[in-house]
2 protein chains.
Amino acid sequence: MVGRSRWPFVIAAALIAAPYLTATAQDLPQKTAQALANKALSDDWSYKFLESLTSEIGPRLAGTDAEARAAAWAVTRLKAAGMEVHTESFPMVAWLRGVETGAIVQPAPQRLVLTALGGSVATPPEGIEAQVVVFRTYAELLAAAPGSLDGKIAAVTEHMVRTMDGMGYGLANPIRRQGASEAARRGAIAYLLRSLGTDNHRLAHAGALNYANGLGKIPAAALANPDADQLERLSALGPVTVHITLTPTENKDAQSITVVGEIKGRETPDEVVLIGAHLDSWDLGTGAIDDGAGDAIVSGVGRLIAALPEHPKRTVRVVLFGAEEMGYSGKAYEKAHAREAAKIVMAGETDFGARRVYEMRLPAGATDSAFARTIAGLLPPLGVLLVPEPAQHGGSDIQEIGADGTPIVSLSQNGLDYFDIHHTADDTFDKVEAAELAQNVAVWAALTYLVAETGVDLRSPAKSAEKP
Amino acid sequence: MVGRSRWPFVIAAALIAAPYLTATAQDLPQKTAQALANKALSDDWSYKFLESLTSEIGPRLAGTDAEARAAAWAVTRLKAAGMEVHTESFPMVAWLRGVETGAIVQPAPQRLVLTALGGSVATPPEGIEAQVVVFRTYAELLAAAPGSLDGKIAAVTEHMVRTMDGMGYGLANPIRRQGASEAARRGAIAYLLRSLGTDNHRLAHAGALNYANGLGKIPAAALANPDADQLERLSALGPVTVHITLTPTENKDAQSITVVGEIKGRETPDEVVLIGAHLDSWDLGTGAIDDGAGDAIVSGVGRLIAALPEHPKRTVRVVLFGAEEMGYSGKAYEKAHAREAAKIVMAGETDFGARRVYEMRLPAGATDSAFARTIAGLLPPLGVLLVPEPAQHGGSDIQEIGADGTPIVSLSQNGLDYFDIHHTADDTFDKVEAAELAQNVAVWAALTYLVAETGVDLRSPAKSAEKP
């Protein structure tokens, strides 16, 4: 039972924060946040959560039975972790992978490792066989004349660049998102790209495309990096004929499910501190780094805060979003929660793997504030920089509510090797280091608790002034 | 045109070995060997050879059209490199991969990445579905009672150990070679093992098995490492049902082809210095490190020696063996060449990837000899140790002729990451470093040339004495 007066909480929190028994009431939130972080660092709950999710559920493609099983599993886990739990369903078109095979037919018969892009239309059941035109950069494809690819398969083999912050992925994204339509515009009958990935394994990187309106939809697939190399080498020697077969299907009546766990605020329960990750995953791996790790982090934070002797003043809401990979999560959440937008006092999302956090960015309204100085005091032992620049969109689950004015925080993780396994069959539990995952929980726990307990206003003055 | 007198050669060799113009006739072979090594280090011919083989031919499973295409390709290449070339065919049973799929059916439906073991029988077309019994060590399987696996699928998930010299693979080999028969002996209807590999990618490691006589043959496949982890985790929670479908076939009337390039000796052409590698490969990758690299190394050595102003005294024979992966190469070669066994004065094989050579072992007859001291003088700049212990069997292509008394040399390569990609789809050209490949050519060139030119007797006194 949770008391409503402040003093039992102060006493209990002081007991948790044992080294800080001399703390004054004023710095108690900071001390409790520090104690939460310390507890997270030596706790393997989130790691075990991730092990269970990736083993006992495994892949969980949006809108499938597997995603529904994951949601039921998550409900049980969040309840056991002390949260009030509910689910929110929404309609979606599920894309279901079929057969996917590729081969060089001429001049040197051999298999090509590829995977259909999410949303791709199918080839005929017998596949498509045609000469391939290789473009070593996406700009070269865009420069190709209309009709120049008539009857051909276009292949863009531009390399994505490895960076710590994932900028290489962001800038290469149009190659996957828009390349098929750009190829179709020029007459191509199918589209291949070098996987958006930084590894050199024979594992293709999945990911969704977006067909442009008014253009024919052509089948599209990502090649494993070594297979893109092979096409480059052989096409430099002469004409190359490729055969691909992709048989994905759609379920237009699918539902996705978002799972929500809450720790109701003890003073202002309608003010919500939202931390989220997405529960759906691509189907090739088991969604460990994308985004089981995020689910494990935010669920672990919820558990630690729920276990405090007293709930924070504001509500902490842990959201495990459905159908992020298919592009539904952000819009669906914004649509369902438009009315409470002004009450979401902070939103943060973790969807970049399980490596250490190295940077934190606060909303524009808080970059130079007493709150920033408080959180800054907690970060050095956690190995995190507080960056003066404000957070931008935060991530695809929360960018829509962020656009509505919800203050966004962002924590940058080391993504140097994230795109080695992102969206591949290699995204499995063994890739995650327990200590790095725990550091994420620690940083998110400290931040989430502080925002929930101190009642800080993170809205920028400008944004706040716009509100009626 | 190649002269028969020594002096034109001395002059020409001295020109190659420009820094050593003051060399006496006595140390000329050493200087020429050193010049060959230096030339190899700055030469990308072998690297380009490997690029072409792995791209323009690609996978080349023994006894298939692809292997035959590789042989025709190699004939052209070795001729262009200045060698006299012929082929030697032999009959074999070709094993042809079919469909291979695996899945956990209960309790958590998900795909398993696996690959059929070479030589495995097929499952019924609809596959086999049964409960899996997981053994975390091979010894546990061997300790299981007869009948204890009736109707079950046995899975051994023992880890192979990473070592520089490949000892971990050697000691784990019975798990793949004999595990299926040991499982069948105890009643199992199919056999799975954790891939003999040191990576953690979702790529299974192929490799041949050997069924024991008098036991039922059951289908057998290797799991990718993360998939073996998954079976371990789920089987610790309760019963696990697995479905596997493997549909390999056999061609009992296949032929394999060994390609031989020679530089005929100018004085004792019937004395043969044999260096070899195998031309066939597994079909999942393109056989870059196994063993296209070896083909590129020995072919590069042949080319460098053929380009000398004068052939060495003895014949240098470059052998690109067929059907090594299926276990035919060594026996076939020994059978075809039994009569000239006494004339093969040295045999060496390179079949351990493209990393640097770090150790050389000479035949027992030469470990403490003037020849050893000569070669030892060349090795320090190449980063190679001459180890006092004699070479053992050398490799599977030459172990049979070695057992007949042919002196064997062995060059150890750094194999720390060899079993990350060995026998997987990942065995592709991009994994090879040009400078490391060139170092191999340098060391083999120096050794091969010295043995061919100096006429050293590498037979051990004991072995020689045994000969009639």
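Note that the coordinates shown come from a computational prediction; the quantities given were computed from them, not determined experimentally. (Residues numbered from 1 in each chain as written. Chains lettered and ligands numbered in written order. Predicted model: local features only at pLDDT ≥ 70, side-chain atom pairs only at ≥ 80, totals over all residues. Heavy atoms only, no water.)

Under the defined criterion, the tally for this structure stands at five cavities of 30 Å³ or more. The space that makes up the largest cavity amounts to roughly 80 Å³. As for the largest cavity, its lining consists of Q110, R111, L112, R202, P226, D227, Q230 and R233 of chain A together with T54, T286, T428 and F429 of chain B. Elements that contribute at least two residues to the lining of the largest cavity include exactly β3 (110–112) and α8 (225–237) of chain A. Its residues assigned to classes, the lining of the largest cavity comprises three nonpolar, five polar and four charged. Its boundaries defined by the atoms lining it, the second largest cavity holds a volume of some 60 Å³. Around the second largest cavity, the lining residues are A40, D43, D44, S46, Y47, A434, L437, A438 and V441 of chain A. At the level of secondary structure, the elements contributing two or more residues to the lining of the second largest cavity comprise α3 (45–57) and α14 (434–454) of chain A. (1 Å grid on protein atoms, 1.4 Å probe; cavity = no way out; pocket = protein on both sides within 12 Å on 5 of 7 lines; lining within 4 Å. Points joined across faces, edges and corners; volume = space filled by probe spheres on them. Helix = DSSP H or I, 4+ residues; strand = E, 2+ residues; numbered from the N terminus. Nonpolar A, V, L, I, M, F, W, Y, C, P; charged D, E, K, R; others polar.)

Okay, the sheet that holds strand β4 (residues 114–116) of chain A next. Picture the strands of a sheet paired through backbone hydrogen bonds; they go either parallel or antiparallel. Residues and elements named next belong to chain A. Pairing in this open sheet of eight strands is mixed, and the strands run β3-β2-β9-β5-β6-β7-β8-β4 from one edge to the other. This sheet does not close on itself; its edge strands, each paired only once, are β3 and β4. Each strand of the sheet is rotated relative to its neighbour by a mean of 35 degrees, with strand direction disregarded. Summarising the sheet, strand β6 (residues 153–156) and strand β7 (residues 190–194) pair through four bridges and their orientation is parallel. Bridge pairing links I153 to A190 in β7. (Pairing = 2+ DSSP bridges. Axes fitted to C-alpha atoms, helices over the stretch in contact; angles between N-to-C directions.)

We now examine the relation of the copies chain A and chain B. Rotating chain A by 180 degrees and moving it 0.0 Å along the rotation axis overlays it on chain B with an RMSD of 0.0 Å. What the rotation and shift describe, once combined, is the action of a two-fold rotation axis. The fraction of interface residues of chain A whose copies in chain B are also interface residues reaches 100%, indicating that both copies meet through the same surface. (Least-squares fit on C-alpha atoms with pLDDT ≥ 70 in both. Contact = heavy atoms within 4.5 Å.)

Turning to the confidence of the model for chain A, a few remarks are in order. Taken as a whole, chain A shows an average pLDDT of 93; of its residues, 93% reach a score of 70 or greater. Contacts for the low-pLDDT stretch residues 1–23 of chain A, under 50 throughout, to residues beyond four places or in other chains number 31 contacts. (pLDDT = per-residue confidence, 0-100.)

This brings us to the sheet that holds strand β6 (residues 153–156) of chain B. Residue and element names in this part refer to chain B. The strand order across the open sheet formed by eight strands is β3-β2-β9-β5-β6-β7-β8-β4, and the pairing between neighbours is mixed. Bordering the open sheet on either side are β3 (110–112) and β4 (114–116), each of which pairs with just one other strand. Strand-to-strand twist across the sheet, computed as the mean angle between neighbouring axes with direction ignored, equals 35 degrees. As paired elements, strand β5 (residues 128–135) and strand β9 (residues 241–246) share four bridges and run antiparallel to each other. Bridge pairing in β9 links I128 to I244.

So, on to the pattern of salt bridges. Where charged atoms of side chains with opposite charge meet at close range, the side chains can pair. A full pass over the atoms with the stated rule returns 52 salt bridges over all chains. Where K264 of chain B meets E262 of chain B, a salt bridge forms, and the shortest distance between an N and an O atom there is 3.5 Å. In this structure E262 of chain B comes out as buried when scored by relative accessible area, which is 8%. Between R314 of chain B and E271 of chain B there is a salt bridge, with its nearest N and O atoms 2.7 Å apart. Here R314 of chain B, found in strand β12 (residues 314–321), pairs with E271 of chain B, found in strand β11 (residues 268–278); they are 43 residues apart in sequence, far enough to count as distant. The exposure class of R314 of chain B is buried, given its relative accessible area of 4%. In this structure, a network of salt bridges that share partners links the residues E84, E262, K264, R317 and E340 of chain A. (Salt bridge = Lys/Arg side-chain N within 4 Å of Asp/Glu carboxyl O. Buried < 20%, exposed > 50% of the residue type's maximum accessible area, 1.4 Å probe, protein only.)

Looking now at the interface of chain A and chain B. Between chain A and chain B, the contact holds 31 residues from the first and 31 residues from the second. Where chain A abuts chain B, roughly 2300 Å² becomes buried across the two surfaces, and 47% of that area is made up of carbon and sulfur atoms. Area buried by chain A at its contact with chain B is led by S55, R202 and R233 of chain A, which between them contribute 23% of it. Taken together, chain A and chain B are joined by 20 residue pairs in polar contact (both at pLDDT 80 or more). The element best represented in the side of chain A that touches chain B is α8 of chain A, accounting for six residues. Of the residues belonging to the side of chain A that touches chain B, the class tally is eleven nonpolar, ten polar and ten charged. (Buried area = accessible area lost by both parts, 1.4 Å probe. Polar contact = N/O pair within 3.5 Å; in protein donor to acceptor, adjacent residues only side chain to side chain.)

The next point concerns the packing of α3 of chain A against helix α8 (residues 225–237) of chain B. As a packed pair, α3 of chain A and α8 of chain B sit with axes 10 Å apart at the nearest point and diverge in direction by 90 degrees. With respect to α8 of chain B, the axis of α3 of chain A lies roughly perpendicular. Residue-level contacts link E51, T54, S55 and E56 of chain A of α3 of chain A to Q230, R233, L234 and L237 of chain B of α8 of chain B. (Parallel < 35°, antiparallel > 145°, perpendicular 65-115°, else oblique.)

Attention shifts here to the pairing of strand β14 (residues 357–361) of chain A. Residues and elements named next belong to chain A. Burial runs high along β14: four of the five residues are buried. With four bridges connecting them, β14 and strand β16 (residues 408–413) associate as antiparallel partners. Bridged to M360 within β16 is L411. Here two bridges tie β14 to strand β15 (residues 385–386), and the two strands are oriented parallel to one another. Each residue of the ladder has a partner; that of M360, found in β15, is L386. Between β14 and its parallel partner β15, the chain crosses via helix α11 (residues 370–378), and the hand of that crossover is right-handed. (Right-handed = clockwise from strand over helix to strand, strands pointing away.)

This part is about the packing of aromatic side chains. Applying the stated criterion to the full structure yields 18 aromatic pairs over all chains. With centroids separated by 5.4 Å and ring planes inclined at 40 degrees, the aromatic side chains of W45 of chain B and F49 of chain B adopt a geometry described as tilted. Separated by four residues within a single helix, W45 of chain B and F49 of chain B lie in helix α3 (residues 45–57), roughly one turn from each other. Residue class for F49 of chain B comes out buried when judged on its relative accessible area of 1%. Seen from their ring centres, F49 of chain B and W73 of chain B are 4.8 Å apart, and the 70 degrees between their planes marks the pair as edge-to-face. Of this pair, F49 of chain B sits in helix α3 while W73 of chain B is found in helix α4 (residues 65–80), placing the two residues 24 residues apart along the sequence. With respect to class, F49 of chain B is no different from W73 of chain B; both count as buried. Grouped by ring-pair contacts, the aromatic residues Y169, F352, Y418 and F419 of chain A constitute a single cluster. (Phe/Tyr/Trp six-rings, centres within 6.5 Å; stacked < 30°, edge-to-face > 60°.)

This part takes up α4 of chain B. Residues and elements named next belong to chain B. Along its 16 residues, α4 runs 23 Å from first to last C-alpha, staying within 8% of the 22 Å computed at 1.5 Å per residue. For α4, every residue scored as buried is listed here: A66, E67, A70, A71, W73, A74, V75 and L78. Among the structural elements, α3, β1 (84–96), β10 (249–263), α9 (288–306) and β12 are those in contact with the buried residues of α4. Among the residues trailing α4, G82 stands out with phi positive, at a value near 95 degrees. (Expected span 1.5 Å × (residues − 1).)

With that out of the way, let us pick up the side chain of Q230 of chain A. When you line up the elements, Q230 of chain A lands in helix α8. Q230 of chain A gets classed as buried once you look at its relative accessible area, which sits at 5%. Those residues in contact with Q230 of chain A that sit more than four places away from it in its chain are I104 and Q110 of chain A together with T54, S55 and T286 of chain B.

With that out of the way, let us pick up the environment of G179 of chain A. Residues and elements named next belong to chain A. Tracing the backbone through its elements, the reader meets G179 in helix α7 (residues 179–185). Separated by 23 residues in the primary sequence, G179 and V156 place their C-alpha atoms 8.2 Å from one another. The residues contacting G179, other than those within four sequence positions of it, are Y138, L141, P174 and Y191.

Moving on, we get to α3 of chain A. Residue and element names in this part refer to chain A. Counted at 1.5 Å a residue, the expected span for α3 with its 13 residues is 18 Å, and the 17 Å between its end C-alpha atoms agrees. Looking only at α3, the buried set comprises W45, S46, F49, L50, S52, L53, T54, S55 and I57. Directly beyond the C-terminal end of α3, a positive phi value near 80 degrees is found at G58.

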